[in-house]
Amino acid sequence: MARIPEEETARLKREVSIERLAEARGVKLKRHGADLIGLCPFHDDHSPSLVISPQKNLWNCLGACGRGRSAIDWVMRAEGVSFRHAVELLRQEHLPLAAKQPGPPPKKSTTVKLPPLAEHTIDDKRLLESVVRHYHETLKETPEAQQYLVRRGLQSAEMVEQFRLGFANRTLGYHLPASNRNAGAEQRERLKQIGILRQESGHEHFNGSVVIPVFNLAGEVVEMYGRKITPGLRPGTPLHLYLPGPHRGVWNEEALVASKEIILCEALIDALTFWCAGFRQVTASYGVNGFTDDHKAAFRRYGTQRIYIAYDRDEAGEFFQIYTHAFEERFFFEIVQRRGYKGFGAPNAGIRLAAQTREARPRTMPRTG
Ligand SMILES: [Zn+2]
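Sequence order sets the numbering: in each chain, residues are counted from 1 along the sequence as written. It should be noted that, the model being predicted, local features are given only for residues of pLDDT at least 70 and side-chain atom pairs only at 80 or more, the latter also being counted only at that level, while totals for whole chains, interfaces and linings use all residues.

What about the overall build of the chain?
Moving on, step 1. Counting from the N terminus, the helices are DSSP H or I runs at least four residues long and the strands are E runs at least two residues long. Within the chain, the secondary structure is distributed over 12 helices and 14 strands.
Moving on, step 2. In the chain, which comprises 369 residues, the share counted as buried stands at 35%.
Moving on, step 3. Long-range contacts, defined as pairs at least 24 residues apart, comprise 58% of the intrachain contacts of the chain with a sequence gap of at least 6. The exposure scheme places C-beta atoms from the backbone and then counts, for each residue, the other C-beta atoms within 10 Å of its own, assigning buried at 20 or more, exposed at 12 or fewer, and partly exposed in between. This entry defines residue contacts through backbone-placed C-beta atoms, with two residues in contact when those atoms are within 7 Å.

What follows is the structure in structure tokens.
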């Protein structure tokens, strides 16, 4: 699981006023020197046991609870949730903390307080869309995921928006109805069918991954790719994840509509690198062996005339695979260059081959944007 950055928890502890949290819960506070005191809302308190230091933004119950500290601890206690869930509640600034009656805290929260992911009546397409939206919002709030993109040479807010890049950090469940309710059980079951949640554990399939959705031209999500970014994973943990079943769709299909010349990468991250470097007519297969019938059909449908293959140089096998597919589609191949494409913004691969229809000869790399 991705760790919550320390700056983020420090910021919440600093910025969320405990005084305000207490008042929202109906606690009447009185000045007592530099502190504020009141009846503790978390136990049956008759003499004011709750002490709040507005200066340090800390709290403490000197009575039966015998505990306190930060705003996060307050929310954990008040809502009966985990540290992580409390952080998420505070981040969302959705604080249903104004209990009508001060009373003992719930043993364990049974009602999710965050905005729901989706109405439970919506269809699978819309449900998947709302997952993509949640991951997208999460990425924008997660510095470590953004830093990963920067390390990969992908520093572009425009790219993040255009391709709805996201990050999965196990917070999706907080936006679902509780699993002990019908609506919650039903929505989880559907997310399992789609592949967003794992069948056995119910955990998020893409947890700890930067997520790249693949849309069709109607704007529907047809495939998702996740790249794990968590350091120190157990050996053997797959770094590249997809939705279950055969790969569907062509990433950045608009490019094929717009241009007869297309750069084909072996991975979506590589394709994004090209895109950021100004080569907008770019798409990707789903890994070395992930050049699919959908790709072929799209190249045919849009009358693609020339394909620049930008696979890693050290992959020998894929050439043949691509060649075989493309040959049927009347493309032929010519080695155009064997060098790192540093100049194009990605260090590890070489533009190795150009596939083209027999009428066309390779000229220069297309570049726009
Ligand atoms: Zn107390």
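A look at the sheet that holds strand S1 (residues 30-32)
Moving on, step 1. Pairing within the open sheet is antiparallel, and its five strands lie in the order S1-S2-S3-S4-S5. Of all strands in the sheet, those with a lone pairing partner are S1 and strand S5 (68-69), marking the two edges.
Moving on, step 2. Two strands are said to pair when DSSP picks up at least two bridges between them. Looking at chain direction, strand S2 (residues 35-38) and strand S3 (residues 50-53) are connected through three bridges and run antiparallel. If you follow Leu-36 over to S3, its bridge partner there is Ile-52.

With respect to the nonpolar core
Most often, soluble globular proteins have nonpolar side chains that are buried together.
Moving on, step 1. Under the definition applied here, buried Ala, Val, Leu, Ile, Met, Phe, Trp, Tyr and Cys residues are grouped into a nonpolar core through C-beta atoms within 7 Å. Ile-263, Leu-264, Cys-265, Leu-268, Ala-271 and Val-282 are the most contacted members of the largest nonpolar core, which has 58 residues in total.
Moving on, step 2. At seven residues, helix H10 (residues 268-276) tops the list of elements feeding residues into this core.
Moving on, step 3. Domain delimitation in this document rests on an assignment produced automatically or drawn from a domain database. Mapping this core onto the domain boundaries places at least three of its residues in each of domain 2 (124-242) and domain 3 (253-357).
Moving on, step 4. The residues touching Leu-268, leaving out its near neighbours within four places in the chain, are Ile-212, Tyr-225, Trp-251 and Ala-284.
Moving on, step 5. Listed in part, the 21 residues of the second largest apolar core include Trp-59, Ala-71, Val-81 and Val-87.

A short note on the confidence of the model for the chain
Moving on, step 1. Taken residue by residue, the chain gives an average pLDDT of 79. The fraction at 70 or more is 76%.
Moving on, step 2. Looking at the elements of the chain, mean pLDDT is at its lowest for strand S14 (residues 353-357), recorded as 45, and at its highest for strand S7 (residues 209-215), recorded as 97.
Moving on, step 3. What pLDDT conveys is the predictor's confidence in a given residue, as a value from 0 to 100. Contacts from residues 332-369, a stretch scored under 50 in pLDDT, to residues over four places away or in other chains number 83 contacts.

Side note on the pairing of strand S10 (residues 261-265)
Moving on, step 1. When you tally the buried positions in S10, you get four out of five residues, the bulk of the element.
Moving on, step 2. As paired strands, S10 and strand S12 (residues 306-310) are joined by five bridges and run parallel to one another. By the bridge assignment, Glu-261 is partnered in S12 with Arg-306.
Moving on, step 3. Judged from the three bridges that link them, S10 and strand S11 (residues 282-284) form a sheet pairing that is parallel. Paired with Ile-263 across the strands is Val-282, a residue of S11.
Moving on, step 4. Seen with its strands pointing away from the viewer, a crossover is right-handed when the path leading from the first strand over the helix to the second is clockwise. With respect to chirality, the unit in which S10 leads through H10 into the neighbouring parallel S11 is right-handed.

Focus: the sheet that holds S7
Moving on, step 1. The four strands are arranged S6-S7-S8-S9 in an open sheet whose pairing can be described as antiparallel. In the strand order of this sheet, the two ends are held by strand S6 (166-168) and strand S9 (240-242), each with one partner. Direction aside, neighbouring strands of the sheet carry axes that sit 30 degrees apart on average.
Moving on, step 2. As defined by bridge partners, S7 adjoins strand S8 (residues 221-228) across seven bridges and the pair is classed as antiparallel. Across the sheet, Ser-209 pairs through a bridge with Lys-228, a residue of S8.
Moving on, step 3. Axes here refer to lines fitted to C-alpha atoms; in helices the fit is confined to the stretch in contact. Angles between the N-to-C directions go from 0 to 180 degrees. Relative to S6, helix H5 (residues 124-140) is tilted by about 95 degrees, and along the sheet it contacts S6, S7 and S8.

Side note on helix H8 (residues 182-194)
Moving on, step 1. Helix span, as expected, comes to 1.5 Å for every residue beyond the first. The end-to-end C-alpha distance of H8, which contains 13 residues, comes to 19 Å, matching closely the 18 Å that a straight helix rising 1.5 Å per residue would cover.
Moving on, step 2. After H8 finishes, the residue Gly-195 shows a positive phi value of roughly 105 degrees.

Description of the packing of helix H3 (residues 71-79) against helix H4 (residues 83-91)
Moving on, step 1. Taken N-terminus to C-terminus, the directions of H3 and H4 make an angle of 105 degrees; their axes are 9 Å apart at the nearest point. Relative to H4, H3 is oriented roughly perpendicular. Listed contacts from H4 to Ala-71, Ile-72, Val-75, Met-76 and Glu-79 of H3 are Phe-83, Ala-86, Val-87, Leu-89 and Leu-90.
Moving on, step 2. Grouping the amino acids of the contact of H3 with H4 by side-chain chemistry returns nine nonpolar, no polar and one charged. Any angle from 65 to 115 degrees is called roughly perpendicular, while one under 35 is roughly parallel, one over 145 is roughly antiparallel, and all others are oblique. Polar here means any residue outside two lists: the nonpolar Ala, Val, Leu, Ile, Met, Phe, Trp, Tyr, Cys and Pro, and the charged Asp, Glu, Lys and Arg; Gly therefore counts as polar.

Section: the pairing of S3
Moving on, step 1. Residue alternation in S3 divides its side chains into a buried set, Leu-50 and Ile-52, and an unburied set, Val-51 and Ser-53.
Moving on, step 2. A loop of four residues connects S3 with strand S4 (residues 58-61), the two strands running antiparallel in sequence, and Asn-57 in this loop sits at a positive phi of about 55 degrees.

Overview of the environment of Leu-256
Moving on, step 1. Topologically, Leu-256 is positioned in helix H9 (residues 253-258).
Moving on, step 2. The class of Leu-256 is buried, set by 20 C-beta atoms lying within 10 Å.
Moving on, step 3. When the C-alpha atoms of Leu-256 and Gly-303 are compared, they prove to be 8.4 Å apart, with 47 residues separating the residues in sequence.
Moving on, step 4. Discounting chain neighbours no more than four positions away, the residues touching Leu-256 are Val-250, Ile-262, Thr-283, Ala-298, Phe-299, Tyr-302 and Thr-304.

Observations regarding unusual backbone geometry
Moving on, step 1. With a phi angle near 115 degrees, Arg-69 is a residue other than glycine that sits in the positive phi range.
Moving on, step 2. Inspection of the secondary structure assignment puts Arg-69 in strand S5.
Moving on, step 3. Residue classification places Arg-69 among the partly exposed positions, given that 16 C-beta atoms sit within 10 Å.
Moving on, step 4. Even without a glycine there, the phi angle at Arg-170 is positive, about 70 degrees.
Moving on, step 5. The residue Arg-170 is located in the loop between S6 and H8 in this model.

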